[in-house]
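# Report on the structure
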Amino acid sequence: MAHFEEGTTLDRFLMETMRAHPGATGHLLTLLKQVALAGKLCSSRVQRAGLAGMLGAAGGMNIQGEFVQKLDIYANETFKRALEHAGVCCMIVSEEDDGAVFIPPEFPVGDYIFSMDPLDGSSNIDTNASIGTIFAIHRRVSEGRDGTMADVLRPGRELVCAGYIVYGAGTVLVISTGKGVHGFTLDPTVGEFFLSHREMRLTAATRSYSCNEAYAAQWDPRLQEWLTRQKAPELGWSARYIGSLVGDFHRNLVKGGVFLYPPTAKAPKGKLRMLYEAQPLAFLAEAAGGAASDGVMPILDKVPTTLHERTPLYIGNSEAVSEIVWALAGDEGPPSGQWTRRG
Ligand code: AHG
Ligand code: MN
Ligand code: MN
């Protein structure tokens, strides 16, 4: 792989990475450039969200119908518009659309399927906390013009790329094609993403857990016991929870930690969605030396059966995820046998 210095633009990074793959068509590069463009548009809109709220409260819609749109609808439409023109996708799956979205007949299609949570953590918009866009990219296995369910209802290991854009104090795009995880920070004065986080690794050095602890009494008692054990002062754990998966995952990727969303009475299969939340973040976690599990098996080995299927999620540094899987398995150990207990 080429050597990349800090300050490398996303475009240069993508071009030089592509050159290292002689057979590459450039379609994935085009797709990711459109993702970056949509991310910049969303970042700009997120920064004006408070203003948007003021205008809405003062009397509704402006003449373009602009600010009153909820940000998650804005993000959904922005990513779809950016991608449908580019001729690189044959299908788009979004949290905000019940069915798969196909490319209008006036545009060419390509081999990729883009699955997204256009705005994750949207309940945080009003509080200025981090929110983001999560995405997964498959290469099609079907033939014909439109993509099919067979193209996306696949194990996450078959993704060609995954990433997210977090709109926080700064806007950061994190991507991986399976080898290494890299972060790019948007310089708003230049309008470009620059390499800022090279070869991100999920470290076990910082011990923090992220979960909605108000639900803990609804969890499997063995998981409750695991959490109680982490609170022993000598272990030095902290709790950190934003309530925005993308923000919580990003913090854990930068600083270390584990995120948990176990099944609850209200969400017996968990709350988070396989295709555009769990799978892409699991792909990033494993590429960064971490792990992701549904409590029994690695997320990347699971095959979703519907577009909006949910899953329990335990994701972060591999030691903590492995401990959770062992705890949930009780004395028997996990059935998959592929998780090692920390010595
Ligand atoms: P979304 O905004 O896309 O619907 O996702 C919200 C999710 C996720 O970001 C977060 O981890 C989780 O909801 C928080 O749920 P609780 O409020 O139940 O903790
Ligand atoms: Mn979400
Ligand atoms: Mn969402």
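A few points on the structure. (Residues numbered from 1 in each chain as written. Chains lettered and ligands numbered in written order. Predicted model: local features only at pLDDT ≥ 70, side-chain atom pairs only at ≥ 80, totals over all residues. Heavy atoms only, no water.)

### Some details on the site of ligand 1
In the vicinity of ligand 1, 18 residues are found, and the nearest of them are Asp-120, Asn-212, Tyr-241, Leu-245 and Tyr-261. Between ligand 1 and Leu-119 there is a distance of 3.4 Å, counted from an oxygen atom to a backbone nitrogen or oxygen. Between Tyr-215 and ligand 1, the recorded distance is 2.9 Å, taken from a side-chain N or O atom to an oxygen atom. Contact with the protein chains hides 84% of the accessible area of ligand 1, taken as 470 Å² for the molecule alone. Of all the secondary structure elements, the ones that give two or more residues to the shell around ligand 1 are strand 2 (112–120), strand 10 (258–261) and strand 11 (272–273). By residue number, the principal contributor to the shell around ligand 1 is strand 2, which donates three residues. Its residues placed into classes, the shell around ligand 1 shows seven nonpolar, five polar and six charged. Residue contributions to the shell around ligand 1 reach at least three from each of two domains, namely domain 1 (10–197) and domain 2 (208–328). (Near = heavy atom within 4 Å. Polar contact = N/O pair within 3.5 Å; in protein donor to acceptor, adjacent residues only side chain to side chain. Areas by Shrake-Rupley, 256 points an atom, 1.4 Å probe, with all protein chains shown as cover. Helix = DSSP H or I, 4+ residues; strand = E, 2+ residues; numbered from the N terminus. Nonpolar A, V, L, I, M, F, W, Y, C, P; charged D, E, K, R; others polar. Domains from an automatic or database assignment.)

### Regarding the coordination of the manganese ion (ligand 3)
For the manganese ion (ligand 3), the full set of protein donor atoms is Glu-95 (OE), Asp-117 (OD) and Leu-119 (O), at a range of 2.1 to 2.3 Å. Summarised as a motif, the one-chain spacing of the donors to the manganese ion (ligand 3) is E-x21-D-x1-L. Distance-wise, the manganese ion (ligand 2) is placed 3.8 Å from the manganese ion (ligand 3), both being coordinated by Asp-117. Remark: Leu-119 occurs in strand 2 and Glu-95 occurs in the loop between strand 1 (89–94) and strand 2; sequence separation between them is 24 residues. (Donors = N, O, S within 2.8 Å, 3.2 Å for Na, K, Ca; no water.)

### Notes on the pattern of salt bridges
A full pass over the atoms with the stated rule returns 15 salt bridges. Between Arg-145 and Asp-146 there is a salt bridge, with its nearest N and O atoms 3.9 Å apart. Its relative accessible area of 34% is what places Arg-145 among the partly exposed residues. Asp-146 sits in the partly exposed class, given a relative accessible area of 31%. The shortest N-O distance in the salt bridge between Asp-301 and Arg-157 comes to 2.6 Å. Here the residue Asp-301 occupies a position in the loop between strand 12 (291–293) and strand 13 (310–311), and Arg-157 occupies one in the loop between helix 5 (149–152) and strand 4 (161–167), the gap between them amounting to 144 residues. Overall, the relative accessible area of 28% leaves Asp-301 in the partly exposed class. With relative accessibility at 38%, the residue Arg-157 sits in the partly exposed group. A cluster of three or more residues bridged by salt bridges with shared partners is formed by Glu-77, Lys-80, Arg-81, Glu-84 and Asp-97. (Salt bridge = Lys/Arg side-chain N within 4 Å of Asp/Glu carboxyl O. Buried < 20%, exposed > 50% of the residue type's maximum accessible area, 1.4 Å probe, protein only.)

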